[in-house]
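Results of the structural survey
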Amino acid sequence: ILLLVKFGTIEVREEAVAEPVLNTEFLPTGREGFLAVKDFAFCSYIDVDLNCVGKQEEFSKGEDVYVWFVVESSVIDGQMMLLRNYEMRDPAGELVLQAEQKNAYNFELSSKGKTEEVVFGEFFLLGEEAIAGEYILDIIVENPFLEKKMIITRKFMLDEDEGSS
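Quick look at the structure, then.

What counts, and where the lines are drawn
Residues numbered from 1 in each chain as written. Predicted model: local features only at pLDDT ≥ 70, side-chain atom pairs only at ≥ 80, totals over all residues. Heavy atoms only, no water. Helix = DSSP H or I, 4+ residues; strand = E, 2+ residues; numbered from the N terminus. Buried < 20%, exposed > 50% of the residue type's maximum accessible area, 1.4 Å probe, protein only. Contact = heavy atoms within 4.5 Å. Areas by Shrake-Rupley, 256 points an atom, 1.4 Å probe, with all protein chains shown as cover.

**Describing the overall build of the protein chain**
The helix and strand inventory of the protein chain stands at one helix and 10 strands. Overall, the protein chain shows an N-to-C arrangement of helices and strands of α-β-β-β-β-β-β-β-β-β-β. In the protein chain, buried positions account for 34% of the 165 residues. Contacts spanning at least 24 positions in sequence make up 68% of the contacts within the protein chain whose residues lie at least 6 apart. Surface summary for the protein chain: the accessible area is close to 11000 Å², and the carbon and sulfur share equals 50%.

What follows is the structure in structure tokens.
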């Protein structure tokens, strides 16, 4: 076709709008950016200002297990979104919590900064039927704008004694 145009066999209309042939939005590129958990703690309580009160790694049956962590992430075009999900395994390796409801736990904000820090505070209740021993908690954090995902794994102990909560 290009040869036919070059030799004048086919004429090109001048009023045609020149469309870019290559749309760079469809090219797969890795997004630059930063996603990290800056701080983490198990706590006896998290106050209304999201401060971790009484850091601890041993809990009693019936006691609330508070999880506090700080995520720092890059801001893209003035926007940041964080998705977080949880998985917890008991000492026998059985999955006792899977809060992965299509990324239902999310956080969005607008910012003029290059990065933002976000503090999360959650709690889980392990009932009286829970097995005493070492539990493993996986926290899955994702920034879909950056196309980055990370998993942090932390362990805590559940004692046989009943808690006072």
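Moving on from the coordinates now.
**Structural notes on unusual backbone geometry**
The bulk of non-glycine residues show a negative phi, and the bulk of peptide bonds are trans. Although it is not a glycine, D77 sits at a positive phi angle of roughly 50 degrees. By secondary structure assignment, the location of D77 is in the loop between strand 4 (64–74) and strand 5 (79–89). The exposure class assigned to D77 is exposed, which follows from its relative accessible area of 76%. Its identity as a non-glycine residue notwithstanding, E147 has a phi of 60 degrees, on the positive side. Here E147 shows up in the loop between strand 9 (133–143) and strand 10 (148–162).

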